[in-house]
Structures are given as C-alpha cells and as structure tokens.
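Residue-level listing of the chains:
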Amino acid sequence: MNNLLLLGDEAIAQAAIDAGLSGMYAYPGTPSTEIMEYIQASKDALARNIHSEWSANEKTAMETALGMSYAGKRAMVAMKHVGLNVAADGFINSAITGVNGGLIVVAADDPSMHSSQNEQDSRFYGKFALVPCFEPSSQQEAYNMVFDAFELSEKYRIPVLMRITTRLAHSRTSVVRSHLKVQENKLKLPDDLVQFVLLPSLARGKYKSLIKTYESIKYDARTGKYNSFSDGTGRDLGIITCGIAHNYLMEILNRVHKDYPVLKISTYPFPEDIIRDITARCKEILILEEGYPIVEEGLRGILDSGIKIYGRLNGTIPREGELNPGIVAKALGLPGSYVEKVSQLVKPRPPSFCKGCGHADMFTALVKALKPYGPGRVFSDIGCYTLGALPPFKTINSCVDMGASVTMAIGAADAGLFPSVAVIGDSTFTHSGMTGLLDAVSKNSPVTVVIADNSTAGMTGGQKSLATGRLSRICEGIGVEPLHIRTLIPLRKNHAENVRIMKEELEYRGTSVIIASRECIQTASRRKKADPGEKNKIKPDNEK
Amino acid sequence: MKNDIILSGVGGQGILSIATVIGLAAIENNLFFKQSEVHGMSQRGGNVESHFRLSGSPVASDLIQYGHADLIISVEPMESLRFVHWLSKQGWLVTNSSPYINIPDYPPVDEILKEIRKIKNNIIIDANTIAREVGSVRSGNIVVLGAASPFISVPFASLENAVKKLFQKKGDDIVEVNLKALKAGREFTGR
C-alpha cells in the first residue's frame, strides 16, 4: 500500500500523518477542505488518536495548532486563502514567537475564483510574516515537502507556510508513500518558558532573530532541493516557473520538443544566486507564476537591470486568473491550436439551491415580508444562501467576508436604514457572526438577524457545524431579548406563519434574531441512507 | 499512448464516478493519469467538468489545453457543447441525449442535438432510457461511459473490473445493474 491515489489535499494529509502529526486544525473552505476530511477518515489517524475536530474558524484553528506546537508536538492547520486573513493575527505573531513542535500552515489559494470572493496570493503572507513558504508543483512533491517542512520548522523553530492552488488541491493522481513509521513527538514544554510571551521588550529581540533566521533559511538544503535549474540549448529566452506553473511549461515543451534554460522555484525565500544562474545566461526572461506577480516584481526590483522580463506585469501573461497550458503556449509564441467555437445555444447554468432546500423557503418568506419596504436592505454572508443573490430571489445585497452580514447591517442601521436585515448561515454565525451580534446587542441596534440554520457547513460538502443545537442559547447568552429570538421551520406549509414572524421582527426597533432551522437536504439524505432508523438524527434548534 | 478526456455534466450527475472507474482501470493497466475535479460552489446544480489525462508516460499538466482533448464524455447534451473548444479536430464527443433542465431558458433539445451532430465524430445515446431498461435510471452515467469506452485506451474488461470495485460496497445488485449499463453503452457504439 505504498502507492496511493490522492488529491493534492489528501497527499498533504497523508504525509502529515506519516510525518508524526499529532493535531490537525481547520475550518472548511474550498479548495482546502479535503485535508481535514482525509485525516478524519484515516484509520491510522484514528488509531493514533490524532486530533482532527473542525475549529470554529481559521483563527481559533491557527491558535490551537500553535498551542499544540507549544507543547512540543507536530501540528498542522489548513484553510482556504481568505481564511488566512482571519488567522493572520495569530499567523504573523507565530513567526515571532516561533514554534516548539513543528507547525505547518497550509493555505489553499483559488486563482480564477472558482469558489471564492477573491484570488489573493498567500505567498505574500509568507513574505509579510517572514515565514518560509513551500509551493509544491505536484501531488508527489506536496507529499515529500511536508516532511521537510516539519523538519525545517523544528530546526529553525519557525512555522512553515505551504501554499497550494485549486488545480493541485483538487487533482487526483498516484502518489508514492515513502516515509513511514515516524514517531510522534512526546509532550515537551519549550526550553524557554517565555518563548511565546510577546511583551514588547521580548518581542523586539525575537523579531531581530526572526529576520536573521529568514535569511539563513534561503540556503538550507531542505528548501534547496525543490528549486532546480535545468539548462537548455537556447540562450535568448530563460524561463522561471513557480509551483504548478512548472507542469504547464513541461507539458508544452514535451509536446513541441523544445528546451530552454528553466529555473523552477518551489520554496521562498529563495537564494538570489539561483536567479543569477539564469539571468546571466539569457537575454530575456519569462516568468510563469500562479497568482500575483510576486517573483516578477522581485526580479524587476526598483530599477530594471536592462534584461527583458515577460510576465503578468507587461501583459504577456494575463494579469489575473489561473494559468493553463494554452496561456503558456501563447507566451512562448507558439501558434494557436484549432479551437471549435462554442454554440450560442449553450446557456449559463449557475449553481442553484438543491430541490427542497430550506434556504429557498426561507428566502421566499423573506422576500414576501420585505416587500412593503422595497429592495436593498439585506446584508448576507458566505455560504449556500449566498445563492439568494441569483434569480428567482435576487434578494441579498452583500457578500463580503465571513460574518460581515451582521456588522454591515448594524452600520447601515446606524446610518438610518430601517429595517436592516442580516442573513447568515449557522456555521458562518459561529465562525464570525457572534461578535457582531454582541455589537448589535450592546446598543440595541435595530437589526434583524436571520440565521439560516441547515445544521451543517453546506457549501463545502456538509461538515459539522459547531452551531448545531446551540443557536438560541448562544443568542440569549449574547444578550438578545428572549422574546425576540424566534425560531421557525422553513417549509412551504409554514409560509404564511413564517412571513408573519418575519414581519413582526422587521418592525421591532431593537436587535432581533430569527432562527430558520431545517437540516440540509444533502446531509439529511446521506444520514438517512447510513442510519435508516434515524438513531443519530441531528436535532436542530426548533426540535429541542 | 495518450487520452485527454473532458468529462462534463451537471453537479450530482455522477461525473466523478466515471472518472473513478477510468482511474481504477488505468491503475490495473499500470498507466499514468491525472484527474482534475471541481468541488465547492459549482456542485450545487451548476455545470461541472473534470479533466482526465491518461497516458503511457508520466503526465505533467493537470489541465488539458483547448483544442487538445481526444474525447468529451458528457452525461448531459447542452453540457457537451459547453466544452467543445477543448476538443481536437479528430476528437470524439460522446453524450447523453436526455437533458437535465434546471434553468428557465434551456434551449429546445432538437436544436442542441442538431448542433452536436455538426461535430465530426459524435455519438448521441439516450442513456436514461437504456439505464432504465437495464434496471436503474441512476446508471445513466455508466451507460455513457460504456458508449465512450471504445475511445479509451484500456481493455473493456478493466472497466468492468473497475465498476465492480467501485460499486462493491453498495451490494451485488447495484454492481450487476452497472455492469449491464456499461455493456449496453458499449453495444450501442458497437466498436
């Protein structure tokens, strides 16, 4: 069983298990979700009792992983790129505290925004935090890198960032499992018990040594082996590839039987002299990197050295969106391929609510209840219910970041908008909506928060929601008046009553919460198949 | 040997099962492959595509270049047309003729099929009807795979073995229905 068929995400998870992982921490987010799911399903992980529970959000996941590292054990935290914004405080400061047990932070970027609000490049965070970053070009390299990343992390006592992108995360191929039977670290406190205390007086010294460490990492053999230079016959054009872009180049070069001097970069910071290997040989440089033009900007410096540089900044490669073999072929000046035209008959088929989804019934009622007030007053959030932006509902007016529905509704209410409504999912609410609700309660802001409770993280495939069964108590604990915490079941047969409840709360001049609870039909049908007697039925809020 | 395959359809129609069957057959024949999947938002009733790259030598790119696919396997007719810019001049398009209508402006099916027939190498199969005949409408995806199987460089017996492996957990009946579905698709194409 040393040859496994794995997604890039799964290769990272398997490697972490094989490298002696003791704790995995994550919040679901495409394209990173399968890392945690793989560990949760792994028999090895279960036998070793590797911690693998979902966290409330990426920040708590990051900090919990840091706590495990403090106690001397190896930990991994995984998130989608925007999750690193949520975890950024802990992440950036963890570079200064350093680690005890090895710590890997996986950020899965989504260029071309297949399932995201933006296409930010997590390599920036590596540089920003002065944390080394590994960027695998293949599933096998992802597997191998995890071992080196843990070792590098423990050698320099620094967290290591691993940056992957959608196409690596969600592509399946054969991976050789090479390293087995690595023992987990034993519980061991840091030698210096104030290592993690960032009082300014201590932090200043630590920051100085972080800068030195970051410089030394450039020349470490563990990172060096992933950066390679292969010479070619030509001397005009040299090509620099980063991560998965290397595959697209190899695909094209193998097909047209051409070679160029090629420098592959897969770890950051990389030593400048490897750049000189190629810039000294060639008159022109083409840079292929997935995401932002980070290496390209670094190479251009403040004043260009005279060498011609082609990349995203001069338009040779599109400034945004993911790479593909066609873009690379064009950048190399190869003739275009024959391409069939797509018929005008083909109509867009956007994602939509599943048949029978409770969110659809919730929106039908909300549209009706809001009708007298006119459009433009529903702030929403990240999840399946974001589809409320599309026809036939076209109801929501914002989707910005996790939790922003509640707080934007408060701000708009402060400006005089009434009623001001937030629609947020159950898992998103416990991720980042609770603090906003506390803001609302503290000044009795006239907002109505609709919690679309399907008792799962639906959009990412049905992961456990930490909110399930706790929502009304959480809202009461935060301080919402119990009379204005309303629960309803979003079903067509309850439509008239649900509209009535919504209208009442929309008219209330204080903070109110409507919990619209009905289990996600996808998870419900899976559960019924697996558990026909419904012994383990999830009890949403309104069935207590 | 190289087979670059685009799999297309609507989220939930069983594209990943097709990919898994080809993958298992590839392993049995010691072939190399990379299979790129779509997860997340698009799975909710939107169009989905998967790139499957099968080869006798290691595969570099996870993605197929426009104009270079040898085969499009589609479980939905309009979705087969959405991806024709991937198809090479000599490539084959194999599609189900039964539409999945979940949008208000779905074009007339006749017009779609007419458009598909303009592709030089096309096979249009009523997979839903055939699947119903062999026992379960849910096996439509495997019928389409059967119809496409002559253009995939693995022995038919390997695809059968893969179907057995994939559906094993669901019981002998499901395995049997899907084997019949695979065979019925193959017989339809008749190569």
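Parameters at a glance
- Residues numbered from 1 in each chain as written.
- Chains lettered and ligands numbered in written order.
- Predicted model: local features only at pLDDT ≥ 70, side-chain atom pairs only at ≥ 80, totals over all residues.
- Heavy atoms only, no water.
- Salt bridge = Lys/Arg side-chain N within 4 Å of Asp/Glu carboxyl O.
- Buried < 20%, exposed > 50% of the residue type's maximum accessible area, 1.4 Å probe, protein only.
- Helix = DSSP H or I, 4+ residues; strand = E, 2+ residues; numbered from the N terminus.
- Axes fitted to C-alpha atoms, helices over the stretch in contact; angles between N-to-C directions.
- Parallel < 35°, antiparallel > 145°, perpendicular 65-115°, else oblique.
- Left-handed = near helix turned anticlockwise from the far one by under 90°.
- Contact = heavy atoms within 4.5 Å.

> Can you explain the pattern of salt bridges? Please cite residues and give values.
Per the stated rule, a full pass over the model turns up 42 salt bridges over all chains. Between Lys-188 of chain A and Asp-191 of chain A there is a salt bridge, with its nearest N and O atoms 3.0 Å apart. Judged by relative accessible area, Lys-188 of chain A falls into the partly exposed class, the value being 41%. Here Asp-191 of chain A falls in the exposed class, since its relative accessible area comes to 70%. For Arg-82 of chain B, the salt bridge identified is with Glu-79 of chain B, shortest N-O distance 2.6 Å. Of this pair, Arg-82 of chain B and Glu-79 of chain B both sit in helix α2 (residues 77-82), three residues apart, which is roughly one turn of that helix. Taken individually, Arg-82 of chain B and Glu-79 of chain B each receive the classification buried, so the pair is uniform in this respect. What you see here is one network of salt bridges that share partners, running through Asp-109, Asp-121, Arg-123, Glu-135, Arg-163 and Glu-289 of chain A.

> A description of the packing of helix α15 (residues 358-370) of chain A against helix α19 (residues 495-507) of chain A should follow, citing residues and the corresponding values.
Relative placement of two packed helices is described by the angle separating their axes and the distance separating the axes. All names here are of chain A. Direction vectors running N to C along α15 and α19 enclose 50°, while the axes themselves pass 9 Å from each other. Viewed along their axes, α15 and α19 adopt a mutual orientation that is oblique. The hand of the α15/α19 crossing is right-handed. When α15 is examined against α19, the residues Met-362, Thr-364, Ala-365, Leu-366, Lys-368, Ala-369 and Leu-370 are found in contact with a partner set consisting of His-495, Asn-498, Val-499, Met-502, Lys-503 and Leu-506.

> Which residues make up unusual backbone geometry, and what are the values?
Outside of glycine, negative phi angles account for most residues, and trans bonds account for most peptide bonds. Residue and element names in this part refer to chain A. Backbone torsion omega between Thr-30 and Pro-31 reads 5°, so that peptide bond is classified as cis. Residue position: Pro-31 is located in the loop between β2 (21-26) and α2 (33-41). The residue after Tyr-268, namely Pro-269, is reached through a cis peptide bond having omega 0°. You can see Pro-269 is positioned in the loop between β11 (267-268) and α12 (272-279). With phi around 60°, Leu-130 is a residue other than glycine that occupies positive phi space. Along the polypeptide, Leu-130 turns up in the loop between α6 (123-129) and β5 (133-134). Take Leu-130: its relative accessible area is 16%, and that puts it in the buried class.

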